[in-house]
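# Observations on chain architecture
Take a look at the letters that make up each chain.
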Amino acid sequence: MSIVNTVARFFNRNTKKTEEECKPEILQRKQHGISRRQLSENALKVLYRLNKEGYQAYLVGGCVRDSMLGAHPKDFDVATNATPEQVNQLFRNSRLIGRRFKLVHVLFGREVIEVATFRTSPKEEHNSQQAKTGDSGMILRDNVYGSIDDDAMRRDFTINAMYYAVNDFTVHSYANGYQDAQDKLIRLMGDPETRYREDPVRMLRAIRFAAKLDFEIEHETKAPIKMMAPLMEQIPAPRLFEEVLKLFLSGNALVTYRLLREYKLFGELFPLTEQCVANDEFAARFVEQTMINTDTRIQSGKSVTPYYFFAALLWPSLQRVQAEFLEQGLPPQPALHKAANRVIEQQLKRTSIPKRFTIPMKEIWDMQARLEKKKGKKAAEAAESNRFRAAYDFVLLREQCGENLRGLGKWWTGYQESEEYKEIAANRKPDERHTKKRRPRRTNRGSANDRQRSRRPEA
Ligand code: ATP
Ligand code: MG
């Protein structure tokens, strides 16, 4: 890997920006419309403290974009010219995170404010400890610090390159970000092909923001996606797992799914499922319905779990593979188990799925046959399972998509009115699907590792 030279050559090409692009448009309070009441008090505390110590500090990214659009920001990120070590020293309630992309998390109870130092493009003199790029142009390490203007050029989209200052309430908008937000446009900063090569996950992010904000992807930003979609192969499976959760479990699954298919990205995430939906009407209906139901649950404030979602997405492939084993003469249950292992193993090549999710996925699949046996004590035994509710929802989903299960869903709906079931339900341990367990040190943005993994181009 020819690190320093590759980095320099590559970035020089990418950093030839017009003067205009590198200088911000300064928007006053009246123009941008963000009021302090929309912002996290803790994030503001971080800004005030950094300013007081003489550092520059801004809110940046999604929190500025969403506040400006009148939406509720998911989290608050700060950018500063203080180094991670300086930030860490300033806040007792903070910790240093990551090696390849160093950050500081400032912790306020369950809220985490992420503070990043302004990044710049690496130049010849920087060593591989600071910056590193793979042969394909992908950024592997990114710890060269710079100014706010440099930092803006390294952001993904123009709408994410807006910085809010609390000392004068201005927003610094780069590369026409403010105008793009008004025009509802997702536009990459810089040359699209280069930026996708640096970090192919930006293709997924373009789709995610288009779906979430109901924005259009600008022509040059969308043009290379189909052709470059295979670059997703380079992304480590754990990072793609995190991205999948953000893409599908945030309330816009259906629109996101359709866009991902249109841009040939869905098959990069779920190759087996793509094969099924492209060739089989039931599979296509099943996956669309899964997306619709996921969105509906979120809209009505119900929880959604990765294991149910993955179980549903892999169901059409599972049935296919199980059918092959049945043809080879295996009995139904062993055929199902073998198929489950095979399908999960294939999927793990693209997205990791933690064991705590693959186990309940298999249980949901396994219970589909168990729910068909209702005689004697069988019904009560099935209903006692912690996975009963999820497995029952799964039966309804199958029927919703046209599978003829001879009234199975209706039977189980009725059963849940019985005294027998009410007693079982009263004694059952709560299903994790409906009670989120919080682990120590887990933040409302996922663990530090999850967060680190899902950000920026690193493994
Ligand atoms: P949301 O939090 O609603 O998903 P966001 O824009 O805040 O959206 P984050 O993943 O929280 O997204 O990232 C915060 C900011 O960091 C982004 O707005 C963007 O400026 C920058 N950023 C994140 N990921 C990348 C990336 N892969 N390449 C370049 N910049 C990125
Ligand atoms: Mg964010």
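Going by the structure above, here's the rest.
Let us look at the structure shown here.

Attention now goes to the nonpolar core. The biggest cluster of nonpolar side chains holds 103 residues, and the ones touching the most others in it are Leu50, Leu59, Phe248, Leu265 and Trp365. Shared between two domains, this core holds at least three residues of each, these being domain 1 (3-234) and domain 2 (242-432). Once residues within four sequence positions are removed from consideration, Trp365 is found in contact with Phe310, Ala311, Leu314, Trp315, Leu318, Leu336, Ala340, Ile344 and Phe394. In terms of nonpolar packing, the next biggest core, distinct from the first, is built from 16 residues, Ala379, Ala382, Tyr392 and Ile424 among them.

Attention shifts here to the site of ligand 1. The environment of ligand 1 is formed by 20 residues, the closest being Arg65, Arg155, Asp199, Arg208 and Lys212. Within the backbone of Gly62, an N or O atom sits 3.1 Å from an oxygen atom of ligand 1. Here Arg202 contributes a side-chain N or O atom positioned 2.9 Å from a nitrogen atom of ligand 1. Protein coverage of the free-state accessible area of ligand 1, which is 580 Å², stands at 99%. Among the elements of the structure, helix H5 (62-68) and helix H10 (201-213) are those that each provide at least two residues to the shell around ligand 1. Looking at the shell around ligand 1, the element that brings in the most residues is H10, giving five residues. Tallied by class, the residues present in the shell around ligand 1 amount to one nonpolar, three polar and 16 charged.

Taken as a whole and assessed by the stated rule, the structure comprises 22 salt bridges. A salt bridge links Asp149 to Lys23; its shortest N-O distance comes to 2.8 Å. Here the residue Asp149 occupies a position in helix H7 (residues 148-154), and Lys23 occupies one in the loop between helix H2 (19-22) and strand E1 (25-27), the gap between them amounting to 126 residues. Notably, a salt bridge pairs Asp151 with Arg155, separated by 3.0 Å at the nearest N-O pair.

Most of strand E6 (residues 111-117) sits out of view: six of its seven residues are buried. As defined by bridge partners, strand E3 (residues 77-80) adjoins E6 across four bridges and the pair is classed as parallel. In the sheet register, Val78 faces E6, and the bridge partner there is Val115. As defined by bridge partners, strand E5 (residues 103-108) adjoins E6 across five bridges and the pair is classed as antiparallel. When the sheet's bridge partners are listed, Leu107 is paired in E6 with Val112. Counted along the chain from E5 to the antiparallel partner E6, the turn is two residues long, and its residue Gly109 has a positive phi close to 60°.

Calculation notes
Residues numbered from 1 in each chain as written. Chains lettered and ligands numbered in written order. Predicted model: local features only at pLDDT ≥ 70, side-chain atom pairs only at ≥ 80, totals over all residues. Heavy atoms only, no water. Core = buried A, V, L, I, M, F, W, Y, C linked by side-chain atoms within 4.5 Å. Buried < 20%, exposed > 50% of the residue type's maximum accessible area, 1.4 Å probe, protein only. Domains from an automatic or database assignment. Contact = heavy atoms within 4.5 Å. Near = heavy atom within 4 Å. Polar contact = N/O pair within 3.5 Å; in protein donor to acceptor, adjacent residues only side chain to side chain. Areas by Shrake-Rupley, 256 points an atom, 1.4 Å probe, with all protein chains shown as cover. Helix = DSSP H or I, 4+ residues; strand = E, 2+ residues; numbered from the N terminus. Nonpolar A, V, L, I, M, F, W, Y, C, P; charged D, E, K, R; others polar. Salt bridge = Lys/Arg side-chain N within 4 Å of Asp/Glu carboxyl O. Pairing = 2+ DSSP bridges.

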